[in-house]
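# A closer look at the structure
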Amino acid sequence: MGELAAFMILSLVTLIPAVVVVTSSNIVRAALSLVPTFLGVTGLYVMLQAEFVAGIQVLIYAGAITVLILFVIMLTAGGTGARTRQINEQVPLGAMAAVWLAFVLIVIFSRTVWPVLAGALPAYNVIAVGNAFLTDYVLIFEVTSLVLLVSLVGAIVIARREE
Amino acid sequence: MPWFIELLKATGLAVVIFTFLAVVSAMFGVYLERKISGWIQARLGPKHVGPQGLLQTVADTVKLLQKEHITPRNADALIFNAAPVIVAVAALLDWIVIPFGKFGGRVLVVRDINIGVLYFAAMASVTVIGIISGGWSSNNKYALLGGLRSAAQMISYEIPLALGILWVAMVAGTLSTVGIVDAQVKQGSWFMFKLPPPIGWFGLPFGILASLTFLTAATAEVNRVPFDLPEAESELVAGYFAEYTGMRFALFQLGEYGEMFGMAGVATIMFFGGWTEPHLQPWMWLLVTLASLVVVAVILFSGLRQTLLVRPILILASLGFLLSLVMFFGSRAGLSPVLPSPVWFLTKLFALVFFLMWMRWTYPRLRLDQLLNLSWKVLLPLGLLNLVATGFVLTAWGR
Amino acid sequence: MPKVLLDWFYVAVFAVVGTLMAVLPLGVVWLLAPRADLPQKNITYESGVIPFGQAWAQFNVRYYLFALVFVVFDVEVIYLYPWAVVFRQLGTFAFAEMLLFVLILLVGLAYAWRKGALEWV
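Residues numbered from 1 in each chain as written. Chains lettered and ligands numbered in written order. Predicted model: local features only at pLDDT ≥ 70, side-chain atom pairs only at ≥ 80, totals over all residues. Heavy atoms only, no water.

The helix and strand inventory of chain A stands at 7 helices and 0 strands. The order of helices and strands in chain A, counted from the N terminus, is α-α-α-α-α-α-α. The C-alpha atoms of chain A give a radius of gyration of 20 Å, which is well past the 15 Å a tight globule of 163 residues would have. Viewed in the frame of its principal axes, chain A has a C-alpha envelope of about 55 × 40 × 30 Å. Of all 163 residues assigned to chain A, the portion counted as buried reaches 37%. (Helix = DSSP H or I, 4+ residues; strand = E, 2+ residues; numbered from the N terminus. Rg over C-alpha atoms; globule rule 2.2 N^0.38 Å. Buried < 20%, exposed > 50% of the residue type's maximum accessible area, 1.4 Å probe, protein only.)

Moving on: the overall build of chain C. Each helix and strand in chain C was counted, giving 3 helices and 0 strands. From first element to last, N terminus to C terminus, chain C shows the α and β order α-α-α. Within the span of chain C, comprising 121 residues, buried residues form 51% of the whole. Counting only carbon and sulfur atoms, one obtains 71% of the accessible surface of chain C, whose full area is about 5,800 Å². (Areas by Shrake-Rupley, 256 points an atom, 1.4 Å probe, with all protein chains shown as cover.)

Residue and element names in this part refer to chain A. The feature "transmembrane region" (unreviewed entry), as given by UniProt, occupies residues 6–23, 30–48, 54–79, 91–117 and 137–159 in the numbering adopted here. What you have in residues 30–48 is 89% helix and 0% strand, and the ends, taken at the C-alpha atoms, are 28 Å apart. The straight-line gap between the two end C-alpha atoms of residues 137–159 is 33 Å; of that span, 96% is helix and 0% is strand. (UniProt positions renumbered as here; feature names shortened; annotations may be inferred.)

Looking now at a nonpolar patch on the surface. Together, A:Leu101, A:Leu105, A:Ile108, A:Phe109 and A:Trp114 make up an exposed nonpolar region whose accessible area comes to about 530 Å². Counting through the fold element by element, A:Leu101 comes out in helix 5 (residues 91–111). (Patch = residues over 30% accessible without salt bridge, like charges linked within 9 Å, V, L, I, M, F, W, Y side chains within 5 Å. Salt bridge = Lys/Arg side-chain N within 4 Å of Asp/Glu carboxyl O.)

It is worth spelling out the domain arrangement of chain A at this point. All names here are of chain A. Structurally, chain A comprises domain 1 (1–85) and domain 2 (120–163). Each partner contributes residues to the interface: domain 1 has 4 residues there, and domain 2 has 4 residues. Surface buried jointly by domain 1 and domain 2 totals about 370 Å² across both partners, of which 60% is contributed by carbon and sulfur atoms. When residues of domain 1 are sorted by the area they lose upon contact with domain 2, Gln-49, Glu-51 and Phe-52 head the list and together hold 86% of the total. Between domain 1 and domain 2 we count 0 salt bridges in total. The interface formed by domain 1 and domain 2 contains 2 residue pairs in polar contact (both at pLDDT 80 or more). Residue composition of the side of domain 1 that touches domain 2, grouped by class: 2 nonpolar, 1 polar and 1 charged. (Domains from an automatic or database assignment. Contact = heavy atoms within 4.5 Å. Buried area = accessible area lost by both parts, 1.4 Å probe. Polar contact = N/O pair within 3.5 Å; in protein donor to acceptor, adjacent residues only side chain to side chain. Nonpolar A, V, L, I, M, F, W, Y, C, P; charged D, E, K, R; others polar.)

In this section: the interface of chain C and chain B. Accessible area lost during the coming together of the parts is what is often quoted as the interface size. The interface is formed by 71 residues belonging to chain C together with 87 residues belonging to chain B. Between chain C and chain B the total buried area reaches about 7,100 Å² when both faces are included, carbon and sulfur atoms providing 74% of it. At the boundary of chain C with chain B, the tally comes to 1 salt bridge. A salt bridge links C:Asp7 to B:Arg111, with the shortest nitrogen-to-oxygen separation between them at 2.8 Å. Counting across the interface, chain C meets chain B through 4 residue pairs in polar contact (both at pLDDT 80 or more). For the side of chain C that touches chain B, the secondary structure elements donating two or more residues are helix 1 (3–32), helix 2 (61–90) and helix 3 (92–114) of chain C. For the side of chain C that touches chain B, the leading source of residues is helix 1 of chain C, giving 22 residues. When grouped by side-chain class, the residues that make up the side of chain C that touches chain B number 52 nonpolar, 10 polar and 9 charged.

Here we come to the packing of aromatic side chains. Following the criterion strictly, the structure yields 26 aromatic pairs over all chains and no others. When the ring of C:Tyr79 is compared with that of C:Phe101, the centres are 6.2 Å apart and the planes differ by 40 degrees; the resulting orientation is tilted. With C:Tyr79 in helix 2 and C:Phe101 in helix 3, this pair connects stretches of sequence that are 22 residues apart. Taking relative accessible area as the criterion, C:Tyr79 reaches 22% and is therefore assigned partly exposed. Ring-pair connections join several aromatic residues into one group, and the members of that group are A:Phe133, A:Phe141, C:Tyr79 and C:Phe101. (Phe/Tyr/Trp six-rings, centres within 6.5 Å; stacked < 30°, edge-to-face > 60°.)

What follows is the structure, encoded as structure tokens:
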């Protein structure tokens, strides 16, 4: 009961700003509306007791990605305060794609037999994640750093060209 | 416990912590800042409202409560009004994981969250959203420049800050703030000075380096001089809060000072043993007592008494004298601990806050390129190398 | 309630109560403070002259570069948190893994440094 109520509240916290992100006529407002969305998702992670992921969500998404997006917006020519009217000729097409995707997802979710007993949760999930990284998923851990390196180099190359 | 009792408890604690932030860190913090800056600049500082001007900031708050709110015509009113609230709430959320001490076997902390210090870093990183949106929504050139500079600075220093936190997490083997203090209790000294046995004192350079990295990054993270470019009153008027009036301005101040005290609190917990009492032999306490007594006597019985510049030294020496005197007699009498743990936590906290204020009024402001160089080209490589070196020492020697 | 949920329940309550307590003095101001709408008063402050153009203009690309490098390193640090917590129990192997991880990223830092992405001109 309490869980359902919390889930409902968090869904609203996630979804309402998300609608604002898409529909707002002001680009900075749209970017800032991402913050409550990210925080709502944090709440959903907490409800799954994935504390570490929740911490990352706040640190990376609310604290870093939003700033990145804002900086990109501040780069746009002509300034950020302009209220642009949203014109989109592909609304019917987009709506169709969205409805189709929703339909597929609902079918998948309702048809799949979900395992109900997932086993016991580790008491400290940072330790569990760390152990998994350093024993079973070593290769993935190391490859991640390569991925980060590639993304850094790529970002610098692209940004330098833009200059 | 039923959920509504928890709800009541949480609400009560939130009110208490918010009041603590408003009264101790914002009001008393601003008073201390003005007083200390006065002494350092050979002035008296606030003097007229209340004894030694103690009620000055209370009067200021009452004044601010009566000031009109001005929202500039060109501003984005919604974001403009939300920004100070975001900053203040982010500062409040920091304090959930900071333990104040131990009382009768119970740790005085709101919640000992498992990912404690990571949680702290995450909440501190939300502040930047409030600052950048306040700067942008004012539609003022000074404010926008200040907000962007501030964001660039805060994100740059978040990495060295996180490296300092990582260093402690590595040595303590936990992220929980209470766990970190317990690890220091277990090894019998602060992480700043010693690593876990058998390394002991050989860990001194690593600890000092890590704590200096963390403190520098923390100073920059809360936008204080020498890293106060976002506010830079002499060039940007007041930076991101140039357009804010009355109580909304006060909320920004509350957020800023709350964040500063929070950073000092986390530094206390991570490097300076948190609420634990330093263990020194009675004769060492006596030595400290006598030394501070000599300093006080020299100042009082010479011409120096007239000089305002030595006021902070005089106050510090007298406080040190009192503290070490109590500690000397206490440890002679075999009391352990001599003073209750919250006293120690607050003593260390205020010592760090004093240190930050002292830095603020001593050093000039950095230039933006120097500031970013310091973070990316000095603190970041240094922090990473320190992490690797300490890791090596711990692996090779520490088991 | 499990400990994790209870912890974050407190966080949520703190966020809500904190917002209320921050808004409360603003309400007091609304009751106490005078209000006078003068057209000149609500003009954006620009050192006493009539503001010139809009503040919302295009900004320097450098802010963006720093933000990019920051995001990459922030993610890196996130990966090191779980490592730091279990490191003392796992020993030499864990250290070697972390060394490799950090070295690869130091290459990235060196690249950014050489390419002048960390330069503020």
